[in-house]
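# Remarks on the overall topology
Residues per chain, in single letters:
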Amino acid sequence: MIIIVLVAAVVGAKILLAPKHMEINLQDARSKGNPNARVKIVEYVDFQCPACAYGMKYLKTFFEAHPNDLYLQVHYFPLTNMHHHALISALYSECAARQGKFWELEDLMIPQQQQWAQLINPEPVFQAMAGQVGMNLDQLNTCLASDDARNVINNEKAIGQSLGIASTPTYFVNGKMVVGTTSLQDELKNYFPGS
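Overview of the structure.

Cut-offs used in this document
Residues numbered from 1 in each chain as written. Predicted model: local features only at pLDDT ≥ 70, side-chain atom pairs only at ≥ 80, totals over all residues. Heavy atoms only, no water. 1 Å grid on protein atoms, 1.4 Å probe; cavity = no way out; pocket = protein on both sides within 12 Å on 5 of 7 lines; lining within 4 Å. Points joined across faces, edges and corners; volume = space filled by probe spheres on them. Helix = DSSP H or I, 4+ residues; strand = E, 2+ residues; numbered from the N terminus. Nonpolar A, V, L, I, M, F, W, Y, C, P; charged D, E, K, R; others polar. Salt bridge = Lys/Arg side-chain N within 4 Å of Asp/Glu carboxyl O. Buried < 20%, exposed > 50% of the residue type's maximum accessible area, 1.4 Å probe, protein only. Axes fitted to C-alpha atoms, helices over the stretch in contact; angles between N-to-C directions. Parallel < 35°, antiparallel > 145°, perpendicular 65-115°, else oblique. Left-handed = near helix turned anticlockwise from the far one by under 90°. Contact = heavy atoms within 4.5 Å. Pairing = 2+ DSSP bridges. Core = buried A, V, L, I, M, F, W, Y, C linked by side-chain atoms within 4.5 Å. Disulfide = S-S within 2.5 Å.

## A few points about empty space enclosed by the protein
Applying the stated criterion across every chain, the model contains 1 cavity of 30 Å³ or more. Within this model, the largest cavity holds a volume of roughly 50 Å³. What lines the largest cavity is Lys-32, Glu-43, Met-56, Leu-59, Lys-60, Phe-63, Leu-72, Trp-103 and Glu-106. Broken down by secondary-structure element, the contributors of at least two residues to the lining of the largest cavity are helix H3 (50-65) and helix H5 (102-109). For the lining of the largest cavity, the element with the most residues is H3, which contributes 4 residues. The residue inventory of the lining of the largest cavity, partitioned by class, reads 5 nonpolar, no polar and 4 charged.

Put into structure tokens, the structure is as follows:
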């Protein structure tokens, strides 16, 4: 009995003493909606991809209409051979997720994609966005400089490639691969006929 109490005390102390950014489940930080929803979507994106921006805007609107019927999880698939800022935009997004600000940053980043995509260096814009959504900039810069966030992105892309993904956006709707937003819209009509 004493051992159980001591173990519980040690585990509890570790949870209380853990840094704030460690408390966030990273997959949950890039997920939204109802985990028990009848429609689960896994989205592979490149934040500089114009088709992805269109898809993200579409899904945001669709979510507003069906908040309890969907669950969405975002995964990274930066097309670095096509988009110069694909990796850095994914890094900022991953570092935002670690502060629980993924969706807030996306809400700024995606509508302004055409502007920052044209810049030689979009980092000042991303830093300003991070400040706007209330991110801790010291933590952000530490995250950007570490290999950990980059490894997460590279691993997710490798998993995507192993699943047969070659372009973005690619979605898995209840496990079925759907490529492109038009195909996603068609697939969702199977679940939401009136939409």
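## Points about the pattern of salt bridges
Tallied over the entire structure, the rule returns 6 salt bridges. Note that Glu-94 is salt-bridged to Arg-30, the shortest N-O span being 3.2 Å. With a gap of 64 residues between them, Glu-94 in helix H4 (residues 86-97) and Arg-30 in the loop between helix H2 (26-29) and strand E1 (31-33) connect regions that are remote in the sequence. The exposure class of Arg-30 is buried, given its relative accessible area of 3%. Measuring nitrogen to oxygen at the nearest pair gives 3.0 Å for the salt bridge that ties Arg-98 to Glu-94. Neither Arg-98 nor Glu-94 differs from the other in exposure class; each is buried. One network of salt bridges, in which partners are shared, links Arg-30, Glu-94, Arg-98, Asp-148 and Glu-156.

## Some thoughts on the packing of helix H7 (residues 123-132) against helix H8 (residues 137-145)
Closest axis-to-axis distance for the H7/H8 pair is 10 Å, and the angle between their directions is 135 degrees. Between H7 and H8, the angle falls in the class oblique. Relative to H8, H7 is oriented so that their crossing is right-handed. Across the interface between the two elements, Glu-123, Gln-127, Ala-130 and Gly-131 from H7 touch Leu-137, Leu-140, Asn-141 and Leu-144 from H8. The residue makeup of the contact of H7 with H8, split by class, is 4 nonpolar, 3 polar and 1 charged.

## So, the sheet that holds strand E3 (residues 70-76)
The strand order across the open sheet built from 5 strands is E1-E3-E2-E4-E5, with neighbouring strands paired in mixed fashion. Both outer strands of the open sheet, E1 and strand E5 (176-179), are each paired with one neighbouring strand and no more. Here the strands of the sheet are splayed against their neighbours by 20 degrees on average, with no regard to which way each runs.

## Comments concerning the nonpolar core
Formed by 47 residues in total, the largest nonpolar core has its most connected members in Ile-41, Phe-47 and Leu-188. Other than its neighbours up to four places away in sequence, Phe-47 contacts Met-56, Tyr-76, Ser-89, Ala-90, Ser-93, Phe-102, Glu-106, Met-109, Ile-110, Gln-113 and Trp-116. Ranked by size, the runner-up nonpolar core spans 5 residues in total, among them Phe-77, Leu-79, Ile-165 and Phe-172.

## Here's the deal with the state of the cysteines
Simply put, the disulfide is a covalent bond whose two ends are the sulfur atoms of two cysteines. One pass over the structure, following the stated rule, counts 1 disulfide. Cys-95 shares a disulfide with Cys-143; S-S distance 2.1 Å. As the torsion about the S-S bond is roughly -85 degrees, the Cys-95-Cys-143 disulfide counts as left-handed. Linking Cys-95 in helix H4 with Cys-143 in helix H8, this pair joins segments that are 48 residues apart in sequence. No disulfide involves Cys-49; its sulfur sits 3.0 Å from that of Cys-52, the nearest cysteine. Using a relative accessible area of 5% as the deciding quantity, one classes Cys-49 as buried.

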